[in-house]
Amino acid sequence: MKIGVIGGGAIGMLVGAHVSLLGHDTTIYVRRKLQKQEIHKHGVILQGENFSAPVKSLLIGEWEKSDIFFVCVKQYHLNELLPLIKKIRSPIVFLQNGMGHLDMIAACKLEQDIIVGTCEHGAIRKNNYTVLHTGKGKVNLAMLKGYNDNVEALCSTLNGKNFPVVFEKEWHPILAKKLIINAVVNPLTGILQVKNGQLLSNPNFKRIAKKICDEASGVLGLNPVKEWDNVFAVIKKTKDNDSSMKIDIQNGRITEIEGIVGYLINHASVDLPYLNFVYETVVALTKD
Ligand SMILES: NC(=O)C1=CN([C@@H]2O[C@H](COP(=O)(O)OP(=O)(O)OC[C@H]3O[C@@H](n4cnc5c(N)ncnc54)[C@H](OP(=O)(O)O)[C@@H]3O)[C@@H](O)[C@H]2O)C=CC1
Ligand SMILES: CC(C)(CO)C(=O)C(=O)O
């Protein structure tokens, strides 16, 4: 099959390399000529696993016909990209964290079949053609819009032993579960500049984390006890991690707060004191 991956960052290169290794004809669409040239020359190197995947690269907009496209940019990149993506006719998979992109997709009135998903992997981009796979998990996908019998079959051909892809019946449970994890862990670790595990080992941080989990579960209509069990398990598993928001704040970069906590605030009908506080604080910390 022919697979298009939009965005040559950590997740774009990870997805691109793994589907290519399953034998799919894979192209990563990037916005910089240098990255296009370097991927053309080296393929994508999976650091630590010591091999290079034969991936091609084109610039955004140089679309070639593909069976499916994966959008692997940050949520805040989508404003610029969605008008270009509108021209694609094949099914499109969005792999952003948070749920803010759902409102953007709806506003853009995309006509293609839309699949959304979560990525349980951890990855860091080392250079324009090298990615380090820091944590293994699976990719969970589900239809958001449209119905196409072929889509599920198509996604199942991307499922591999080293890179499992699972197709679920409903999108809301998978995105909501990940959104709660990111709403609890990312802003707090970013503001406090602590590793994920410290949200459990410090009883005061843990109390705040639990309050955030309660608020987020309330907005999404989920059971806070069950969600806390899940957040707890993910924090334990990633206890030595620096969350993506902690690293973004450390480096003075824009964060994904809007698509994560901003989404919850925009969809709430009650007061959310803890979520509002972390939202305002992250925004304040990343303003010039
Ligand atoms: N990294 C991880 O471990 C995980 C990430 N995720 C989620 O996956 C998504 C992607 O994250 P990640 O890969 O880490 O992010 P990165 O910052 O590593 O990559 C984003 C990529 O998008 C590219 N990009 C931005 N705008 C455009 C554009 N207009 N045209 C083409 N390319 C563009 C950037 O290009 P350029 O290089 O030129 O700036 C960059 O390569 C996020 O929503 C994140 O939350 C989910 C789970 C784990
Ligand atoms: C799961 C978690 C919190 C791991 O650090 C993550 O997704 C992130 O850092 O963005």
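Only a predicted model underlies this, so the values are computations on that prediction, with no experimental measurement involved.

Basis of the calculations
Residues numbered from 1 in each chain as written. Chains lettered and ligands numbered in written order. Predicted model: local features only at pLDDT ≥ 70, side-chain atom pairs only at ≥ 80, totals over all residues. Near = placed C-beta within 6 Å. Helix = DSSP H or I, 4+ residues; strand = E, 2+ residues; numbered from the N terminus. Nonpolar A, V, L, I, M, F, W, Y, C, P; charged D, E, K, R; others polar. Core = buried A, V, L, I, M, F, W, Y, C linked by C-beta atoms within 7 Å. Buried ≥ 20, exposed ≤ 12 C-beta atoms within 10 Å, placed from the backbone. Domains from an automatic or database assignment. Contact = placed C-beta atoms within 7 Å. Pairing = 2+ DSSP bridges. UniProt positions renumbered as here; feature names shortened; annotations may be inferred. Axes fitted to C-alpha atoms, helices over the stretch in contact; angles between N-to-C directions.

Let us look at the site of ligand 1. Lining the immediate surroundings of ligand 1 are 27 residues, of which Gly7, Gly9, Ile11, His77 and Asn97 lie closest. Every element with two or more residues in the shell around ligand 1 is listed here: α1 (10–21), α3 (78–85) and β9 (122–127). The class makeup of the residues in the shell around ligand 1 is 10 nonpolar, 11 polar and 6 charged.

Take the nonpolar core next. Soluble globular proteins tend to pack their nonpolar side chains together in the buried interior. Of all hydrophobic cores here, the largest spans 84 residues; its most connected members are Val71 and Val184. Taken domain by domain, the makeup of this core includes at least three residues from each of domain 1 (2–169) and domain 2 (174–285). Sequence-distant contacts of valine 71, that is, excluding residues within four places in its chain, are made with Ile6, Gly7, Ile85, Ile92, Val93, Phe94 and Leu95.

With that out of the way, let us pick up the pairing of strand β8 (residues 114–119). In terms of burial, β8 is a largely internal element, 6 of the 6 residues being buried. Alternating residues of β8 divide into Ile114, Val116 and Thr118 and Ile115, Gly117 and Cys119, and every residue in both groups is buried. As judged from the 3 bridges shared by strand β7 (residues 92–94) and β8, these two strands associate in the parallel manner. The residue of β8 that forms the bridge with valine 93 is isoleucine 115. In terms of strand pairing, β8 meets strand β11 (residues 139–145) through 6 bridges, oriented antiparallel. Each residue of the ladder has a partner; that of glycine 117, found in β11, is leucine 141.

For the rest of this paragraph, the subject is the UniProt feature "domain: Ketopantoate reductase N-terminal" (unreviewed entry) in the chain. Under the UniProt annotation, "domain: Ketopantoate reductase N-terminal" (unreviewed entry) lies at residues 3–144. Its end C-alpha atoms 19 Å apart, residues 3–144 is made of 27% helix and 37% strand.

Moving on, we get to the UniProt feature "domain: Ketopantoate reductase C-terminal" (unreviewed entry) in the chain. On the UniProt side, "domain: Ketopantoate reductase C-terminal" (unreviewed entry) is annotated at positions that read residues 175–282 here. Note that residues 175–282 is 75% helix and 0% strand, and that its end C-alpha atoms are spaced 22 Å apart.

Let us now look at the environment of lysine 74. Relative to the helices and strands, lysine 74 resides in the loop between β6 (68–71) and α3. The spacing of lysine 74 and leucine 154 is 80 residues in sequence and 24 Å in space, taken between C-alpha atoms. With residues up to four places along the chain from it excluded, the contact list for lysine 74 reads Gln96 and Glu256.

Within the open sheet, the 8 strands sit side by side as β5-β2-β1-β6-β7-β8-β11-β12. Their pairing is mixed. At either end of the open sheet lies a strand with only one pairing partner, and these are β5 (56–59) and β12 (165–167). The sheet shows a mean angle of 25 degrees between the axes of neighbouring strands, taken without regard to direction. By the bridge criterion, 5 bridges tie strand β1 (residues 2–6) to strand β2 (residues 25–30) in an arrangement that is parallel. Bridged to glycine 4 within β2 is threonine 27. Across the sheet, α1 lies against β1, β2, β6 and β8, angled at about 165 degrees from β2, the strand it touches most.

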